[in-house]
Every structure is written in C-alpha cells, then in structure tokens.
Amino acid sequence: MAVQYGFFVDGTRCVKCFSCEVACQQWHGLKAGTWLRRTVFETVEGKFPSVTRRFTSLSCMHCEDPACVAVCPVGALSKRDEDGLVVVDSARCIGCRSCALGCPFDVPRYREDKTMDKCDGCLSLGRAPGEEPRCVLTCPTRALHFGPLSEMESLASAKGGARMEGETAPSVFVAHRLKPISES
Ligand code: SF4
Ligand code: SF4
Ligand code: SF4
C-alpha cells in the first residue's frame, strides 16, 4: 500500500454540534436515524465544579488490518492500495452481517436493501485525492482532520494525543482517551 490515510479527531475542539454527522447524512442520502459518523464518545476530566467534558466524532477507522475485510465471505469489502481506505462493493454484498460481527467498533450499518454501508471517505461523492471529506469540511471548529496517517500523527502529537488502540490498527488519532457514553 502506498500511503495509509486516516483521521485526527481533536476532542479538545469538538463542541458536539453534530454538524459532521448531519453533513454526512445529507450528502450520502441517509435516512433519519442512520449514521456513518457519530459523536458518541466523551471524556470527563477533573472534579465538580472544575469539570471538562470532551467529545469525539468517529466513523469507520479504515483499519490497517481490517477485520471486516477478513471475515467477508464474498470479498465485498476491500482495502484500497492507493490510500488504505476500506470500501464496500454493494453489488457483491449478500447481507450476511459477518462484517458487523467482526468489526470491533460496531461500524457497519445495514440499509433497507439489506446491504452493508459504512464511511467510504466520501469516495462515492467523487472526492478527489487531496480533497477533504464532507464531515471535515463542515466542522465549524476544525476538530476533524483527514490525510496521510503520518500527518495525522504530527497533529495529534502537538496536542499530546495518540493513535486509537485496537488489534485492527485503527487509522485514527485522537487527542485524549475515549469512553463511550451512548449507543444511540
Ligand atoms: S472500523 Fe470496522 S468496518 Fe471500519 S475498517 Fe475497521 S474493522 Fe472494518
Ligand atoms: S468521510 Fe464522508 S462518509 Fe466518512 S464520515 Fe465523513 S462525511 Fe461521512
Ligand atoms: S462538526 Fe466538529 S465540533 Fe461539531 S460535533 Fe462534529 S467534530 Fe464536533
């Protein structure tokens, strides 16, 4: 693979406005109540009355060793050579949900046509190399970044952040430790 692309999600800047979620829903024509990106992780620092809450918006991690690709019985999921993004071929998907069971981050979502859907880095919208995905472009506080993983690492390091942990090697850097607060 040439270069692995991924995200840096800066929870020190996120204000939980949901603009990234809504932009993703709108541009990808998702039904209300369905998401490819969700703002569901929170960290709480300090003690009352000096408490800081931080939020982190996550989508597919485009893992370096994606479990979803490994378990798909019909090869509907693949990892692109040019940027490491993990994409799904809906024409091949048989709706068996193996990828949903295999993904450690509960990412794959199912459409009414019973095929799997997940973040494709806005490739289906015609995003060209070097352009940013819709969620990144929409974030009003510049909490989201997308690019070569080495660049994301540099941005995260400047904030004292680190790569997300996981046996699938998620291609996401975050600015702080994560704790799930909901499964909406
Ligand atoms: S986060 Fe889940 S769906 Fe996305 S690449 Fe990794 S294993 Fe696959
Ligand atoms: S990169 Fe595109 S598809 Fe992925 S979460 Fe952002 S807007 Fe949605
Ligand atoms: S658009 Fe930016 S500030 Fe708003 S929830 Fe998403 S990441 Fe946070």
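Definitions and cut-offs
- Residues numbered from 1 in each chain as written.
- Chains lettered and ligands numbered in written order.
- Predicted model: local features only at pLDDT ≥ 70, side-chain atom pairs only at ≥ 80, totals over all residues.
- Heavy atoms only, no water.
- Helix = DSSP H or I, 4+ residues; strand = E, 2+ residues; numbered from the N terminus.
- Buried < 20%, exposed > 50% of the residue type's maximum accessible area, 1.4 Å probe, protein only.
- Areas by Shrake-Rupley, 256 points an atom, 1.4 Å probe, with all protein chains shown as cover.
- Lys, Arg positive; Asp, Glu negative; His and termini not counted.
- Charge placed at Lys NZ, Arg CZ, Asp CG, Glu CD.
- Near = heavy atom within 4 Å.
- Nonpolar A, V, L, I, M, F, W, Y, C, P; charged D, E, K, R; others polar.
- Phe/Tyr/Trp six-rings, centres within 6.5 Å; stacked < 30°, edge-to-face > 60°.
- Contact = heavy atoms within 4.5 Å.
- pLDDT = per-residue confidence, 0-100.
- Arc of directions from axis to C-beta.
- Patch = residues over 30% accessible without salt bridge, like charges linked within 9 Å, V, L, I, M, F, W, Y side chains within 5 Å.
- Salt bridge = Lys/Arg side-chain N within 4 Å of Asp/Glu carboxyl O.

Looking at an unreviewed UniProt entry, one finds the protein named Anaerobic dimethyl sulfoxide reductase chain B and attributed to Adlercreutzia hattorii.

Secondary structure summary: the protein contains five helices and 10 strands in total. Oriented by its inertia axes, the alpha-carbon framework of the protein measures out at about 55 × 35 × 30 Å. In the protein, which comprises 184 residues, the proportion classed as buried is 45%. In the structure as shown, the protein presents an accessible area of about 9,600 Å², 53% of it carried by carbon and sulfur atoms. Across the protein, the 23 positively charged side chains and the 22 negatively charged ones have centroids separated by 6 Å.

It is worth spelling out the site of ligand 3 at this point. Near ligand 3 you find 14 residues, and of these Cys-14, Cys-17, Phe-18, Cys-20 and Cys-139 are the closest. Here the residues of the shell around ligand 3 sort into nine nonpolar, four polar and one charged.

A few words now on the packing of aromatic side chains. Within this structure, the stated rule accounts for two aromatic pairs. Both rings, one in Tyr-5 and one in Phe-146, keep their centres 5.6 Å apart while their planes meet at 40°; by these two values the pair is tilted. Within this pair, whereas Tyr-5 is found in strand E1 (residues 5-9), its partner Phe-146 is found in strand E8 (residues 144-148), the two being separated by 141 residues in sequence. A relative accessible area of 22% places Tyr-5 in the partly exposed class. The buried category is assigned to Phe-146, whose relative accessible area is 10%.

With that settled, the discussion passes to helix H1 (residues 19-27). Every buried residue of H1 is accounted for by Cys-20, Glu-21, Ala-23, Cys-24 and Gln-25. The inward-facing, buried residues of H1 contact strand E2 (38-47), strand E3 (50-58), helix H4 (134-138) and E8. Looking at the residues trailing H1, positive phi occurs at Gly-29, about 65°.

It is worth spelling out the confidence of the model for the protein at this point. In this model, the protein carries an average pLDDT of 92, and 95% of its residues clear a pLDDT of 70 or more. In this model residues 180-184 is a low-confidence stretch, pLDDT under 50, and it forms 11 contacts with partners more than four residues away in sequence or in other chains.

So, on to the site of ligand 2. Neighbouring residues of ligand 2: Phe-7, Cys-24, His-28, Arg-37, Ser-59, Cys-119, Asp-120, Gly-121, Cys-122, Pro-133, Arg-134 and Cys-135. Of the residues assigned to the shell around ligand 2, the class counts are six nonpolar, three polar and three charged.

This part covers helix H5 (residues 149-158). Within the span of H5, buried status applies to Leu-149, Met-152 and Ala-156. Buried residues of H5, seen end-on, are gathered within an arc of 55° and therefore sit on one face of the element. Away from its buried face by more than 90 degrees, H5 exposes Ser-154 and Ala-158. Residues of H5 that are buried make contact with E1, E8, strand E9 (162-163) and strand E10 (172-174).

Turning next to the environment of Val-9. Topologically, Val-9 is positioned in strand E1. C-alpha separation for the pair Val-9 and Val-172, spaced 163 residues apart in sequence, amounts to 7.4 Å. The residues contacting Val-9, other than those within four sequence positions of it, are Thr-56, Ser-57, Leu-58, Ala-143, Leu-144, Val-172, Phe-173, Val-174 and Ala-175.

This part takes up a nonpolar patch on the surface. There is a patch of nonpolar side chains on the surface, built from Val-44, Phe-48 and Val-51 and spanning about 330 Å² of accessible area. Structurally, the position occupied by Phe-48 is in the loop between E2 and E3.

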